[in-house]
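Notes for the structure review
The primary structure of each chain is shown beneath.
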Amino acid sequence: MALEEYGGPTEEQSATVFLQTHGLLPKEANCAKCGAPCRFQEKSQHFRCDKQVNGRRCNYKRTMRKGTFLAHCVKNDSEFLAFLSMYLSKDFNSDQVVQELRWTDNTVTQWAVWCGEVCEQYVKTQPKIGGPDTVVEIDEICLCQRKQKRGKIVHEFWVVVGKERDSNKRFVANLDGNPRTAANLSGIITKYILPGGVVITDSHPSYSTLGSHGYTHHIIDQQNVVRTQSIERIWGELKKGYVVRRGRAPNHMPLHICRYIFIAAFKAEDERLHQFLRNAAKMHPPLPC
């Protein structure tokens, strides 16, 4: 797989240097014993201190991955970037990773969880959407997993989806098994949407109190004058494999939703890769020198 297609390092630029430029790996380090600058050993990817102390070499060393996002990665940096490019693609499939990179299923699952946590942190730090002169469409969606994709429902996962009509800003909030009452839905809407704008929902009675929270509330009509086509498109995207897929554990569903929001926020694949690495570096900064 050519990583250049995904904004990764070119042939002249090593994967390690590419990760260092994004802050995921340290470029230099000082000795924890004597404070002298360490020498980087590229082959073993260790920092080593060669300073002579009382006629003896300090010989302190530590791996460059210690304390970083890649601290538990036993693979090389090129393989990690190859996995990341597949994870951030719309049609991510763990079987493809196992086949192309020859990773075990457990390794793929664990790294998908770690990468999902980076996407989750990104979602938590995003500002509210909506506000004056904006229109936000709202709807509830049931993401269910069926036995053999067509049998009985084995798990249900209810979420509330909101999207600005004239922009790419959106949110997906988990109901956490709570009933769709006015208190729960209005609490989610006030958490993610700024007041002063128009909010479009269906005729569910739980939305009847939105006007008292500073929103102009419109309800979908049968003549399609007031519509929520953007939400219907998101519903289709979530159903077609972003989130609902056989074999995915129900407790990992929120991470898959955060991955969907992250991918939707950055349309260009190279920008998506760069933003992920920057957010991973903020979440797991390298140890100070």
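What counts, and where the lines are drawn
Residues numbered from 1 in each chain as written. Predicted model: local features only at pLDDT ≥ 70, side-chain atom pairs only at ≥ 80, totals over all residues. Heavy atoms only, no water. Phe/Tyr/Trp six-rings, centres within 6.5 Å; stacked < 30°, edge-to-face > 60°. Helix = DSSP H or I, 4+ residues; strand = E, 2+ residues; numbered from the N terminus. Buried < 20%, exposed > 50% of the residue type's maximum accessible area, 1.4 Å probe, protein only. Core = buried A, V, L, I, M, F, W, Y, C linked by side-chain atoms within 4.5 Å. Contact = heavy atoms within 4.5 Å. Salt bridge = Lys/Arg side-chain N within 4 Å of Asp/Glu carboxyl O. Arc of directions from axis to C-beta.

Some words on the packing of aromatic side chains
By the definition in use, this model includes 15 aromatic pairs. Ring centres of Tyr87 and Phe92 lie 5.4 Å apart, and the angle between their planes is 70°; on these two criteria the pair is classed as edge-to-face. With 5.7 Å between their ring centres and 50° between their planes, Tyr122 and Phe266 make a pair best called tilted. Of the two residues, Tyr122 is situated in helix 4 (residues 105-124) and Phe266 in the loop between helix 7 (253-265) and helix 8 (269-283); the sequence distance between them amounts to 144 residues. What makes Phe266 buried here is its relative accessible area of 13%.

Some points on the nonpolar core
By size, the foremost hydrophobic cluster in this structure holds 58 residues, and its most contacted members are Phe69, Phe80, Phe83 and Phe276. No other element matches the 8 residues that helix 4 contributes to this core. Other than its neighbours up to four places away in sequence, Phe80 contacts Leu19, Leu24, Phe69, Leu70, Cys73, Trp111 and Leu277. Of all hydrophobic cores here, the second largest spans 15 residues; its members include Ile129, Ala173, Leu185 and Val199.

Re the environment of Ile261
Along the chain, the position of Ile261 falls in helix 7. When the C-alpha positions of Ile261 and Tyr122 are compared, they lie 9.3 Å apart, and in sequence the two are 139 residues distant. Setting aside residues no more than four positions away along its own chain, Ile261 makes contact with Val123, Phe171 and Val172.

Here's the deal with the pattern of salt bridges
Scanning all chains against the criterion turns up 3 salt bridges. Notably, a salt bridge pairs Asp77 with Arg65, separated by 2.8 Å at the nearest N-O pair. Residue Asp77 is located in helix 2 (residues 77-87), and its partner Arg65 is located in the loop between strand 5 (61-63) and helix 2; the two are separated by 12 residues in the primary sequence. Per residue, the accessibility class of Asp77 equals that of Arg65, and both read buried. A salt bridge links Glu137 to Arg165; the nearest nitrogen and oxygen atoms lie 2.9 Å apart. Taken together, the residues span a long stretch of sequence, with Glu137 in strand 7 (residues 135-146) and Arg165 in the loop between strand 8 (153-164) and strand 9 (170-174) at a distance of 28 residues.

With respect to helix 5 (residues 182-192)
Looking only at helix 5, the buried set comprises Leu185, Ser186, Ile188 and Ile189. An end-on view of helix 5 places all buried positions within 155° of arc, on one side of the element. Residues of helix 5 that are exposed and angled more than 90 degrees away from the buried face: Ala183 and Lys191.

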